[in-house]
Amino acid sequence: MLNLALFGPPGAGKGTQSQKLIDQFNLSYISTGDLLRKELAAKTSLGQQAKDIIASGGLVSDEIIVQLIEKTISGNPGTKGFLFDGFPRTLIQAYILEGLMIKLHTSLTALVNLEVPNEVSIERLVNRGKTSGRSDDHDTVIRQRLREYEEKTLPVLEFYSDKGICHNLDATQAIEEVNQQILGIIHQELSKQLFNVVLFGYPGSGRGSQGRALAKAFGLEYVATGEMLEEEIRSGSNFGQKIQKLYDNGELVPDEIVIPLIEKRLARREGVKGFIFKGFPRTLVQAYILEGLLKKHGASIDLVLDLEVPTLELIKRLDQRSKTDRCMPYDTSTEKIVRRLQEHEQKTIPVIDKYQQLHRITRVNGEGSFDEVFAKLSEKISQGIEGVTPPA
Ligand code: AMP
């Protein structure tokens, strides 16, 4: 998701720039000022509570703002991202925004601070007052709004500077110029973001070969836990020896071993555009762990793909594989194949259900030739990446 907050004193041009960005990125727009004015016009109890405060140029209570924002966010499921205008306006609201983003499994991409001196703000708002019909666009109220801004809103900047996503720009420049600079900021922040894919599918669905090919085609890192464990064994490390012992005893490799391996891969971020996870998460516990690991890197899961192949076809494919040199230790008998399919059903299907609630799953029919399936998966990944990448 691309989530932006436009920041700046009244009259900085937040509304004007918002209109451009909404068109450019197809974002859901949340202007707390507009939302409040709607409540006022509809004479709702929320509107009545806010009326006098707005008229005097004060800030409406955080309690009212959080209700407004929650209502709007829940009314926009599946959006490409949010554009906040006039929010967060207090430090408390910055924390509220953090909470809301976490709930959506995302984060704020950038906060753009439109800087204008007070005289420019006042001049612009007095001019706007001639046509806006807004009772708060006149001299004394404007001055009170600016005071509120300096006292309560400016501290929000430090909060986002500490997070490294605050960008200041000179908003006295022409509208087009400011827009171009905002686009530059968005590009810069998005290029830092990882694009992460989880690839689900039953054993035999082709997720391994497809995952590897997709990673190569899109410049992503392919993370397959099974292969990582084998690599570790081959390296002869202490870890590898432990894993070998577990394999020899026919035991499952515990999360305590798998997680540090994944963590190590995620830490090698230099020049990495994102990851394709295959074979992980395999259990609900691992699903929570992956969320946590990605969060540590300011990242999240952007696309969840499930490769669907009918059971009979899976058995046929796995049986065929057992007769080739691509045979895995677990392909060697029908009994083992069935056990693997059963294990997927018992442990991984609940994970897929959980992901359906959290992220929405993109299901892709895995029948047909490798190239046909690859084309379908590629299309989904392209669309996913486009969803977070600005137009050229
Ligand atoms: P705006 O349209 O953003 O200039 O907002 C107009 C008025 O609505 C402000 O002067 C405040 O009284 C109120 N308001 C808008 N957004 C907020 C917010 N996030 N927190 C508190 N008050 C707000």
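Residues numbered from 1 in each chain as written. Predicted model: local features only at pLDDT ≥ 70, side-chain atom pairs only at ≥ 80, totals over all residues.

*Asks:* Is there a simple way to explain the overall build of the protein chain in this structure?
*Replies:* Counting its secondary structure elements, the protein chain contains 17 helices and 10 strands. Its C-alpha atoms give the protein chain principal-axis dimensions of roughly 85 × 40 × 35 Å. Buried positions account for 33% of the 392 residues belonging to the protein chain. A separation of at least 24 residues holds for 78% of the contacts in the protein chain among residues at least 6 apart in sequence. (Helix = DSSP H or I, 4+ residues; strand = E, 2+ residues; numbered from the N terminus. Buried ≥ 20, exposed ≤ 12 C-beta atoms within 10 Å, placed from the backbone. Contact = placed C-beta atoms within 7 Å.)

*Asks:* Where do I start with the sheet that holds strand S10 (residues 362-365) in this structure?
*Replies:* Strands belonging to one sheet form pairs held by backbone hydrogen bonds; the direction of such a pair is parallel or antiparallel. Reading across from one edge, S7-S8-S6-S9-S10 is the order of the five strands in this open sheet, with parallel pairing throughout. The sheet terminates laterally at strand S7 (221-224) and S10, the two strands that pair on one side only. Pairwise comparison of adjacent strand axes, ignoring direction, gives a mean angle of 25° for this sheet. Where strand S6 (residues 195-201) lies against strand S8 (residues 274-278), five bridges are found, and the strand directions are parallel. Its bridge partner lying in S8, Asn196 is registered against Phe275. (Pairing = 2+ DSSP bridges. Axes fitted to C-alpha atoms, helices over the stretch in contact; angles between N-to-C directions.)

*Asks:* Please clarify how the environment of Ser300 should be interpreted in this entry.
*Replies:* In this structure, Ser300 sits in the loop between helix H14 (284-296) and strand S9 (303-308). Contacts of Ser300, omitting those with residues within four sequence positions, involve His105, Thr106, Asn196, Leu294 and Lys295.

*Asks:* Before we go on, may I ask you to explain the pairing of S9 in this structure?
*Replies:* Side-chain positions along a regular strand alternate between the two faces of the sheet. Strand direction decides the pairing type here: S6 and S9, joined by five bridges, are parallel. The residue of S9 that forms the bridge with Leu199 is Leu305. Here S9 pairs with S10 via four bridges, running parallel. By the bridge assignment for S10, Asp306 is matched with Arg363.

*Asks:* Help me out: how do you make sense of the environment of Phe7 in this one?
*Replies:* With respect to the secondary-structure elements, Phe7 resides in strand S1 (residues 4-7). Accessibility expressed as a C-beta count within 10 Å gives 27 for Phe7, which makes it buried. Phe7 sits 82 residues away from Arg89 along the chain, and the two C-alpha atoms are 8.3 Å apart. If near-sequence neighbours (up to four positions away) are discounted, Phe7 is found in contact with Leu111, Val112, Asn113 and Leu114.

*Asks:* Where do I start with the sheet that holds strand S2 (residues 28-31) in this structure?
*Replies:* Strand order in this open sheet of five strands is S2-S3-S1-S4-S5, and the pairing throughout is parallel. Single-partner strands in this sheet number two, and they are S2 and strand S5 (166-170). Within this sheet the neighbouring strands show an average axis-to-axis angle of 20°, counted without direction. Bridge count for S1 against strand S3 (residues 82-85) is three bridges, and the pairing is parallel.

*Asks:* So what exactly am I meant to see when it comes to the domain arrangement of the protein chain here?
*Replies:* A common way to state how big an interface is: give the accessible area lost once the parts meet. Splitting the protein chain by domain gives domain 1 (4-192) and domain 2 (195-388). In this structure, domain 1 and domain 2 have C-alpha centres spaced 41 Å apart. Facing six residues of domain 1, the contacting portion of domain 2 comprises seven residues. (Domains from an automatic or database assignment.)

*Asks:* Could you clarify how one ought to interpret the site of the ligand in this entry?
*Replies:* In the region of the ligand, 17 residues are neighbours, and Thr32, Gly33, Val60, Gly86 and Arg89 sit closest. Secondary-structure elements contributing two or more residues to the shell around the ligand are helix H2 (32-41) and helix H3 (45-56). It is H2 that contributes the most residues to the shell around the ligand, three residues altogether. Grouping the amino acids of the shell around the ligand by side-chain chemistry returns eight nonpolar, six polar and three charged. (Near = placed C-beta within 6 Å. Nonpolar A, V, L, I, M, F, W, Y, C, P; charged D, E, K, R; others polar.)

*Asks:* What am I meant to see in the environment of Gly129 here?
*Replies:* Inspection of the secondary structure puts Gly129 in helix H6 (residues 118-132). Taking C-alpha positions, Gly129 is 9.2 Å from Asp139, a pair spaced 10 residues apart along the chain.

*Asks:* It is not clear to me how helix H5 (residues 91-103) should be interpreted in this structure. Could you clarify?
*Replies:* Residues lying three or four places apart along an α-helix face the same way, a consequence of the helix completing one turn every 3.6 residues. The end-to-end C-alpha distance of H5, which contains 13 residues, comes to 19 Å, matching closely the 18 Å that a straight helix rising 1.5 Å per residue would cover. Buried residues of H5: Gln93, Ala94 and Leu97, and no others. Seen along its axis, H5 keeps its buried residues to an arc of 105°; they face one direction. Turned more than 90 degrees off the buried face of H5, the exposed positions are Gly99, Ile102 and Lys103. Summarising the contacts, the buried residues of H5 are in contact with helix H4 (62-74) and helix H8 (155-163). His105 occupies a position one or two residues after H5 and carries a positive phi of about 60°. (Expected span 1.5 Å × (residues − 1). Arc of directions from axis to C-beta.)

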